[in-house]
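Single-letter residue listing:
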Amino acid sequence: MDTCLFLSKKVICVVYVDDCLIFARDTADIDAAIERLKGNRFKLRVEDDAACFLGIELDHQEDGSIELKQTALIQRIVDTIGFQNASGKATPAEGAELPADVDGPGP
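A quick note: this is a predicted structure, and the numbers were derived from the prediction, not measured. (Residues numbered from 1 in each chain as written. Predicted model: local features only at pLDDT ≥ 70, side-chain atom pairs only at ≥ 80, totals over all residues. Heavy atoms only, no water.)

A.B. asks: Which parts of the structure should I look at to understand the overall build of the protein?
C.D. replies: For the protein, the count of helices and strands is two helices and six strands. Ordering the α and β elements of the protein from the N terminus gives β-β-β-α-β-β-β-α. Residue pairs in contact within the protein that sit at least 24 positions apart in sequence constitute 10% of those at least 6 positions apart. Surface summary for the protein: the accessible area is close to 10,000 Å², and the carbon and sulfur share equals 55%. (Helix = DSSP H or I, 4+ residues; strand = E, 2+ residues; numbered from the N terminus. Contact = heavy atoms within 4.5 Å. Areas by Shrake-Rupley, 256 points an atom, 1.4 Å probe, with all protein chains shown as cover.)

Encoded structure:
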């Protein structure tokens, strides 16, 4: 497995193929990491925030949580199978966390 998480004292960097997320408490540390990468001839397109990463939308909620969405992928699937005019139905989901699988994966 390839290493995709890099940690320093001030910066966390997550890399997947040609996408990269850089986190730090201080934006100056992020800027310094980006400049070091550019100094090593990496071509970077810097985005204002992590609104979308690998097709996953990161939606910051008022309570501080982050909601992950894949609306573009869902729309592509709906279009591919011709369900544009299908009616959606709410599906109840378990409200609590799923319990641990004490038996491990199945056969």
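A.B. asks: How should unusual backbone geometry be read in this particular structure?
C.D. replies: Leave glycine aside and you will find that most residues have negative phi; peptide bonds, for their part, are mostly trans. The residue Val 17 is not glycine, and still its phi comes out positive at about 55°. Here Arg 41, not a glycine, exhibits a phi torsion of approximately 65°, which is positive. In this fold, Arg 41 is placed in the loop between helix H1 (27–39) and strand E4 (52–53). The exposure class of Arg 41 is exposed, given its relative accessible area of 77%. (Buried < 20%, exposed > 50% of the residue type's maximum accessible area, 1.4 Å probe, protein only.)

A.B. asks: In this structure, what is going on with the environment of Lys 10? I would like to understand it.
C.D. replies: Structurally, Lys 10 is set in the loop between strand E1 (5–7) and strand E2 (12–16). C-alpha of Lys 10 to C-alpha of Asp 26: the two residues are 16 residues apart in sequence and 8.2 Å apart in space. Beyond its immediate sequence surroundings of up to four residues, Lys 10 is in contact with Phe 23, Ala 24, Arg 25 and Asp 29.

A.B. asks: Honestly, a nonpolar patch on the surface in this entry has me stumped. Any pointers?
C.D. replies: Nonpolar side chains collect at one region of the surface, where Leu 5, Leu 7, Ile 12 and Phe 23 lie side by side and expose about 390 Å² of accessible area between them. The residue Leu 7 is located in strand E1 in this model. Relative accessible area serves as the criterion here: at 63%, Leu 7 is assigned to the exposed category. (Patch = residues over 30% accessible without salt bridge, like charges linked within 9 Å, V, L, I, M, F, W, Y side chains within 5 Å. Salt bridge = Lys/Arg side-chain N within 4 Å of Asp/Glu carboxyl O.)

Function cannot be read off these values alone, since they describe shape.
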